[in-house]
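Coordinates in review
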Amino acid sequence: MFWSKIWFFIIALAGAIALVIALVLPRPAQRVLVAEEQQRLAVACGVINILLTDDARRRVELTGSFARTQDVVGALEQASGADKLDEARMKGVRETAEKVMQGIQGRQPDFAMLIDKKGRVVARVKLDANEFGDVVAGRPLVDDALAGYMRDDLWEQNGTMYFVSAAPVVKRDAPVTYVGAVVLGHAVTNALAQKLVDGLDIDIGFFLGENDVAGSKTIAFQHKPMIDAFGKLTGGDLTRDCQANQPLQLQASSSNYTSIVARLPGEAATKQAFYAVYIKQPETVGFGATLGVVRQGDLSFANFPWLLVGGGFLLALALGIGLMFVETDRPLKKLTGDAVALGKGDKQRLAEDAHRGKYGSIARSVNIAIDKLGREAKSARKDMDQLLGPAPEGSLGTIDLLSSALPSVRPGGPSSGSAVPPSDFKFGDSGPVSAAPTPPFAALAPSKPAPVKPAAPPPPPVAATPPPKPARAPTPPPAPIAAPIAAPIAAPALSLDEDILGGLSGSVVTPIDPNAPTVAEVDPYFNQVFEQFVAVKQSCGEATSGLTYQKFADKLTKNRDDLMAKTGCKEVRFTVYVKDGKAALKATPVKDEA
Amino acid sequence: MRVLSAVLVFGLGVTAAHAGSLVGKLELPAPPDRPPVATRGFLDRVENPLTKINPVNVAPYLVVVAEAEAPAPESSIQVSWELVGDSFGKPLLAVPAGAEVVIKNVTKTARSLVAVEDPKLIPGGPINPGGPKSFRTKEAKAYTITASDAPHIKAKLLVVTTPYVANIDDNGKFEIPELPGGTYKLRIYYFNPLSSKDGWLDRPDDAVVIPAKGKGEVTAKIPTGYPLKK
């Protein structure tokens, strides 16, 4: 059993390790997945910055083209020379600008602003189209454009973010002079956001502080984590924000997102303008979820080492079975064979040395039990001899133990069943006893040919019928004397063949005279047994003179009381039978009745 | 071309019969180079291919101040200052101490202005379109006026101890009228629009004698690079 236990321990340990691995392995995989997602997010963030830069370049080129339009140059040249701008001039310039805008291919600007060289707005298109005359010089973008630079910027106007670009308007005819500037603005919209992330498998949102500006998806995020992350961004190179910034964990409704925040440049930066790229966090992959995503191909022979797993399983199984056979099955089989031989009587005891370990202990325990039972059987016979006394020669019967073993009897009653050894066992030192309890009728068959007179054959076994109502209240109605003892006796009956009438030998049978005055009351059951005994005795040709009922009943009463005191039984049944050609009487303690 | 781009004359009980005027010209050196753009977009700015870049016009950022030997009494006059859009009409305004400054917002956008050096100088709250907001100057010092909702709006309010101040035109010329006769010290204040630094120019102060009647003339030379006194 030692190696079997070791093997069981190894198998259990291997199983536990496998379980731990199965439960733990998804976590590193999850971390790797999250890290990859974050890296992908950072890359996508950088791509967004590149796309926005490209977009700015196209917008600046578009603004330059707009500013080079001859009608625009002429209109602003005239406006720059005027001391005061009027509405008529504004409308004329606006109409000119609208025509130019209509000719723009692709994405249309959301506003245009035409500025004279003094920095005054001559006309606006689309946004605040009726406003004019205000000075926009002072805004860095406009100042640069009036100075001759082309550039882009980000403006916030009325809660909307605009990508703006400006270009100077130059009169190219001699003398070449600056006559104003043009500013075009493109609003940051949801459509623009969706276009930016098209194909990137991420989402983007544009924010001005805690205000949502636009996004590829309408998701209500917590702004505080993003604002905090925005506040931590330092340095003048905004293009490094995507790599320098740590990913954020954002929660929106019931979903969690990973996000990276990057600053937006330009004037809008003073109003905490930023954009955030985000992706939904991958589902936490546990053991169950890992199994759930296993594909059929994962279990193919090409992808899974079935031979290794199967071989390992068979090897473990074979080793386990082998160890069990060597350490358990084979010794058990050997012990079983030994026990069967013991039961058959081929052996008197189990061979203790032939069995090792626990099985040797079992054999030793069985041998000890055998020895104990033998000693108790001898003791029981001795007790009965002391109880009933030796059977005198020529008495009415002889004391005899039945062939069944006599288990130890406690005053409170024997333990049910367990005290009776299996029928296969033979007790070599317990004397000539039969294996099974001898039924009452079996005792009627003489062990050797009984000297029965042909003229008067022994009558068939007679059962003393218990009286319908027992004279003594506590005495239960006994079973028929000759009837087989059946189920009502729960505990193994203690059957005794005993010459309980030895003292009455030679007594004159004196029938009971119902009319004669008696000292003691006649027990109907004892009387019935008495009559049967006398009848059997006569049938065996024995003398019945001197056998009186009173002596007979006294003897039975004493015998019954002794047995009840000795065995703790509740009742004693008496059976008349023939033994060695003579009438004999057997007292059987009746234990519990069902 | 206008001779005077701006002239502020503040009544101090001086009558024209006892006053002259000061005319002069500042010899302006080459304007400073434009620094890198402060609010860069996604791209660096690029020069247009058609002509060279316009130089910075520093004239609006210079103020001439004539200080008498005896300090002038505190003024109680009113000076108007227009917010014309994303900038003030005069990016640098000099006023005598005690004068009331009335800022008029001629744009259609409300602005909340504040003096950086003294947040309580300008009463709180936005200046609605068309609406004025006035305050009185006390201490002689320079104040940076900006808008909290439009940081690019930036101007200088210079409070001095004399009422005789003047802005210059694009050619550097200026005139201070109604100047009582006497000797004055000419000082020039400069507000660099590119670096936002400001201060008195680091140069020898010119002594100017103004006759009781007539004009006094002066030509002042501005050092190269517009250096400021430390």
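Structure's up top.
Since this is a predicted model, take the numbers as computed values, not measurements.

This part covers the side chain of arginine 203 of chain B. Residues and elements named next belong to chain B. Note on placement: arginine 203 falls in the loop between β15 (198–200) and β16 (206–210). Side-chain polar atoms of arginine 203 contact the side chain of aspartate 206, separated by 2.3 Å. In contact with arginine 203, other than residues within four places in its own chain, are Leu186, Ile188, Ala220, Lys221, Ile222, Pro223 and Lys229.

This brings us to the interface of chain A and chain B. Facing the 37 residues of chain A at the interface are 26 residues of chain B. Summing both partners gives a buried area of about 2600 Å² for chain A against chain B, and 61% of it is carried by carbon and sulfur. Looking only at chain A, the three residues that lose the most surface to chain B are Tyr149, Met150 and Tyr178 of chain A, adding up to 21% of its buried area. There are two salt bridges connecting chain A and chain B. As a salt-bridge pair, lysine 108 of chain B and glutamate 131 of chain A come within 3.2 Å of each other at their nearest N and O atoms.

With that settled, the discussion passes to the nonpolar core. Membership of the largest hydrophobic core comes to 58 residues, with the highest contact counts inside it found for Ile48, Leu52, Phe66, Phe206, Leu264, Tyr275 and Val277 of chain A. Both domain 1 (68–187) and domain 2 (192–283) of chain A contribute no fewer than three residues apiece to this core. In contact with isoleucine 48 of chain A, other than residues within four places in its own chain, are Leu196, Val197, Leu200, Ile202, Ile204, Tyr275 and Val277 of chain A. Counting 37 residues, the second largest nonpolar core, distinct from the first, contains Ala59, Ile188, Val208 and Ile210 of chain B.

On to the pattern of salt bridges, then. Applying the stated criterion across every chain yields a total of 32 salt bridges over all chains. Note that glutamate 542 of chain A is salt-bridged to lysine 537 of chain A, the shortest N-O span being 3.1 Å. Here glutamate 542 of chain A matches lysine 537 of chain A in class, with each residue buried. Residue arginine 187 of chain B pairs with glutamate 67 of chain B through a salt bridge whose shortest N-O separation is 3.2 Å. Here the residue arginine 187 of chain B occupies a position in strand β14 (residues 182–191), and glutamate 67 of chain B occupies one in strand β4 (residues 62–68), the gap between them amounting to 120 residues. In this structure arginine 187 of chain B comes out as buried when scored by relative accessible area, which is 17%. Glutamate 67 of chain B sits in the buried class, given a relative accessible area of 14%. Through salt bridges with shared partners, a single network forms among Asp55, Arg58, Arg59 and Arg107 of chain A.

About the cut-offs
Residues numbered from 1 in each chain as written. Chains lettered and ligands numbered in written order. Predicted model: local features only at pLDDT ≥ 70, side-chain atom pairs only at ≥ 80, totals over all residues. Heavy atoms only, no water. Helix = DSSP H or I, 4+ residues; strand = E, 2+ residues; numbered from the N terminus. Polar contact = N/O pair within 3.5 Å; in protein donor to acceptor, adjacent residues only side chain to side chain. Contact = heavy atoms within 4.5 Å. Buried area = accessible area lost by both parts, 1.4 Å probe. Salt bridge = Lys/Arg side-chain N within 4 Å of Asp/Glu carboxyl O. Core = buried A, V, L, I, M, F, W, Y, C linked by side-chain atoms within 4.5 Å. Buried < 20%, exposed > 50% of the residue type's maximum accessible area, 1.4 Å probe, protein only. Domains from an automatic or database assignment.

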